[in-house]
Amino acid sequence: MKICYSTLAFMPATELGGPVYNSYYLAKSLLGRGHQITVCCTNLANRTRKLFTRTERRLYDGIDVIYFDTHKLIPLGLNSFGPFVCPDIIRFCRTELKSCDLVHLDGYRDFLTAVLSYFCRRYGIPYVIQARGSLHHGNTSVLAKGAFDRLIGHRILAGSALCIASSEDEASQYRAIVPGPKNVAVIYNGLDFESYASLPPRGGFRARHDIHTRYLITYLGRVHPQKGIDTLIKAFAISRHRQEARLAIIGPDQRYKATLTKLSEDLAVKESVLFVDPIAGQDKNEAFVDSDVVVYAGKSESFGMVAFEATMCGVPVITAGNSGCSELLERSGAQHVTKYGDSTQLASVIDDVLALGNEAHQRARSAARDLRRLLSWDNIAGEYEEAYMSASRTPRDLRYESSLNTK
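Everything numeric in this text was worked out from a predicted model, so none of it was measured.

A. A look at the nonpolar core. F10, I217, F308, I350, L375 and Y388 are the most contacted members of the largest nonpolar core, which totals 99 residues. It is helix α14 (residues 377-392) that provides the largest number of residues to this core, a total of 7 residues. Those residues in contact with Y388, other than ones at most four positions away along the chain, are M1, I3, Y5, L26, L30, L102, H104 and V128.

B. Main features of the pairing of strand β9 (residues 162-165). Side chains of β9 alternate between two faces, with L162 and I164 and C163 and A165 buried alike. Two strands pair when backbone bridges link them, and strand β8 (residues 127-130) and β9 are joined in this way by 3 bridges, in the parallel orientation. Looking at β9, one finds that Q130 is bridged to I164. Bridge analysis of β9 against strand β10 (residues 184-186) gives 3 bridges, and the strand direction is parallel. Among the inter-strand pairings, C163 is bridged to a residue of β10, identified as V184.

C. Region of interest: the pairing of strand β13 (residues 273-276). Pairing between strand β12 (residues 245-250) and β13: 4 bridges, direction parallel. Bridge pairing links L247 to V273 in β13. Tracing the backbone out of β12, into helix α8 (residues 257-266) and back to the parallel element β13 gives a crossover that is right-handed.

D. Representation of unusual backbone geometry within the structure. Along the chain, M11 connects to P12 via a cis peptide bond; the corresponding omega equals 10°. Tracing the backbone shows P12 in the loop between β1 (2-7) and α1 (18-32). With a phi close to 60°, R255 is a non-glycine residue in the positive phi region. Considering the arrangement of structural elements, one finds R255 in the loop between β12 and α8. Of the residues examined, R255 reaches a relative accessible area of 54% and is grouped as exposed. Phi is positive for A268, which is not a glycine, with a value near 60°. Among the structural elements, A268 can be located in the loop between α8 and β13.

Conventions and cut-offs
- Residues numbered from 1 in each chain as written.
- Predicted model: local features only at pLDDT ≥ 70, side-chain atom pairs only at ≥ 80, totals over all residues.
- Heavy atoms only, no water.
- Core = buried A, V, L, I, M, F, W, Y, C linked by side-chain atoms within 4.5 Å.
- Buried < 20%, exposed > 50% of the residue type's maximum accessible area, 1.4 Å probe, protein only.
- Helix = DSSP H or I, 4+ residues; strand = E, 2+ residues; numbered from the N terminus.
- Contact = heavy atoms within 4.5 Å.
- Pairing = 2+ DSSP bridges.
- Right-handed = clockwise from strand over helix to strand, strands pointing away.

Function cannot be read off these values alone, since they describe shape.
What follows is the structure, given as structure tokens:
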């Protein structure tokens, strides 16, 4: 198949989070299975910086990638990415899109998704959409998101040949928005297992950051209000292990660190809370292997790669319920779950995991063996391949009827 894959950002824009890695490994795996892939993305390196000064078309590990020059508009909220436009995508749609067999839209409320879905409906090209947890309005830009949904979003979803969810909970969200006979496929994210073939020895991260306590509790990810980090600090403050533990918060600050620092001061735990800049590769694995528990209990996590990365390092993880990571970890017998926003319950779960000690780590190591079977990129790419084949067989008239009858 000739596939156009649209996503917010692509390698090497790793500062824009886990979806960048997922897109790369999926495109690479599909290319290896004989498909033609053209990736359409912005030329953003992060929220403020560009990879290139204009639209660039380049090969990245053999993958055809078009980095469209991006113009950001006004921000819609303190933690909002804000609207953006990529005018050159329109020329691509008019000249190249017609030759594609299928379009994969990795995203929902953005310019690329809106434009590509419009041209797909116009040309009768089947497209699949993967919202990656963005269906919920959350706590920011609620009015703008609601307006997008009413004016454009519901038509985009209804006109798709298939919706792809990362968990059963996200699948139910699709069905709630687009009722009736809508195809939804649940496909988990894959993992690059080569990254965990040789783990670093224990002690490197602790030595580098002068951590000498018995326990290390870790959060890794964006420092963002929806990630539940405030709840984690509150839970840490009331944990019965607080005096013999440090809390490491690792990741890019999205204008939230100052709030968390003030919270740790108010709770008299500032000296025990460590903020660390983003890390990757073996540095990230060092942080995991030195941790006694990793907490990744954010709101509306469609999947949560951090939970699986930590598990692959043999570390127990605490997640919030109703996410892809909690679903899979439960199947593997390594689930430790808390309710999002409940600091008392989280403190109790942290204490329970630390009390289990080596038993909790042994469960994580056992779960890691299951993940190698379930989340290999070859298996996951095969599931996407089947989903694409199914979507390409969706009758054109049925797609248009669904789209035109949805407002």
